[in-house]
Amino acid sequence: MIRAFARDDYDAVAEVWSAAGVEVVPRAELDLKLSRDPELFLVSLTDGEISGVILGTWDGRRGWIFRLGVHPAHRRRGIATALVRELEARFRALGCPRVNLLVLPHNESGLRFWQSLGYLPAPDVLCTRPL
Ligand SMILES: CC(C)(COP(=O)(O)OP(=O)(O)OC[C@H]1O[C@@H](n2cnc3c(N)ncnc32)[C@H](O)[C@@H]1OP(=O)(O)O)[C@@H](O)C(=O)NCCC(=O)NCCS
């Protein structure tokens, strides 16, 4: 089952991110995100427990996917695929024509996962600066 994140999910979500080796988004940062497009932050439930997480954002032009993680105990059962497909459906409903995401270059299994869903590498390099 997939549904939007609820505030009480934070501890379980942080646990899944940690177990999956995904950087945990601090609660204050998530609060700001939830003030914009809360319906794009999704969790999967397996036997009533949170098993996977995906954080989508919509900037009015592109959809972006961040922090996808599935707990190691629940992998290779299609959970990440289901999370991505549900998020894509929500992006489509917003009129979003393209989705982007970032993967660390050494994350071979992550890259294989994304390619299996039709997400192909682009040559762009991420540039960033703290404010
Ligand atoms: C990548 C990740 C999200 C995949 O989750 P998952 O629920 O196991 O993925 P799915 O079961 O939906 O896999 C779908 C397909 O992706 C590919 N895939 C998934 N994991 C893979 C792996 N470790 N190695 C190679 N291919 C993989 C396969 O083609 C798989 O289909 P198959 O199981 O029929 O062979 C999960 O391994 C994870 O949390 N990894 C750590 C965090 C991470 O890398 N996040 C994504 C990068 S931003």
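About the criteria used
Residues numbered from 1 in each chain as written. Predicted model: local features only at pLDDT ≥ 70, side-chain atom pairs only at ≥ 80, totals over all residues. Heavy atoms only, no water. Buried < 20%, exposed > 50% of the residue type's maximum accessible area, 1.4 Å probe, protein only. Helix = DSSP H or I, 4+ residues; strand = E, 2+ residues; numbered from the N terminus. Arc of directions from axis to C-beta. Contact = heavy atoms within 4.5 Å. Pairing = 2+ DSSP bridges. Axes fitted to C-alpha atoms, helices over the stretch in contact; angles between N-to-C directions. Phe/Tyr/Trp six-rings, centres within 6.5 Å; stacked < 30°, edge-to-face > 60°.

Looking at an unreviewed UniProt entry, the protein chain carries the name GNAT family acetyltransferase, with the source organism given as Actinoplanes siamensis.

Focus on helix α2 (residues 27-34)
Taken residue by residue, α2 has Leu30, Lys33 and Leu34 as its buried positions. Projected down its long axis, α2 shows its buried positions confined to an angular sector of 95°, all on one face. What points out from α2, more than 90 degrees from its buried face, is the exposed set Ala28 and Leu32. Considering only its buried residues, α2 is in contact with α1 (10-20), β2 (41-46) and β3 (49-58).

Here we look at the sheet that holds strand β1 (residues 2-4)
Taken together, five strands build an open sheet; the order of strands is β1-β2-β3-β4-β5 and the sheet is mixed. Two strands close off the open sheet at either side, each with one partner strand: β1 and β5 (99-101). On average, each strand axis in the sheet is inclined to that of its neighbour by 30°, with strand direction left out of account. Pairing between β1 and β2: three bridges, direction antiparallel. Looking across to β2, one finds that Ala4 is bridged to Leu42.

Quick word on the packing of aromatic side chains
Each pair of aromatic rings is reported with the distance of its centres and the angle of its planes. Here the structure, examined in full by the defined rule, presents five aromatic pairs. Seen from their ring centres, Phe113 and Trp114 are 5.0 Å apart, and the 70° between their planes marks the pair as edge-to-face. Ring geometry for Trp114 versus Tyr119: centroids 5.1 Å apart, planes at 70°, classification edge-to-face. Per residue, the accessibility class of Trp114 equals that of Tyr119, and both read buried.

Thoughts on the pairing of β2
By the criterion of burial, β2 is predominantly enclosed, with six of the six residues buried. Residues Phe41, Val43 and Leu45 line one face of β2 and the alternating positions Leu42, Ser44 and Thr46 line the opposite face, and both faces are buried. Across six bridges, β2 lies against β3 in antiparallel orientation. When the bridges of β3 are listed, Thr46 appears paired with Glu49. With antiparallel pairing between neighbouring strands as the criterion, β2 and β3 make up a hairpin whose turn holds two residues, including Asp47 at a positive phi of roughly 50°.

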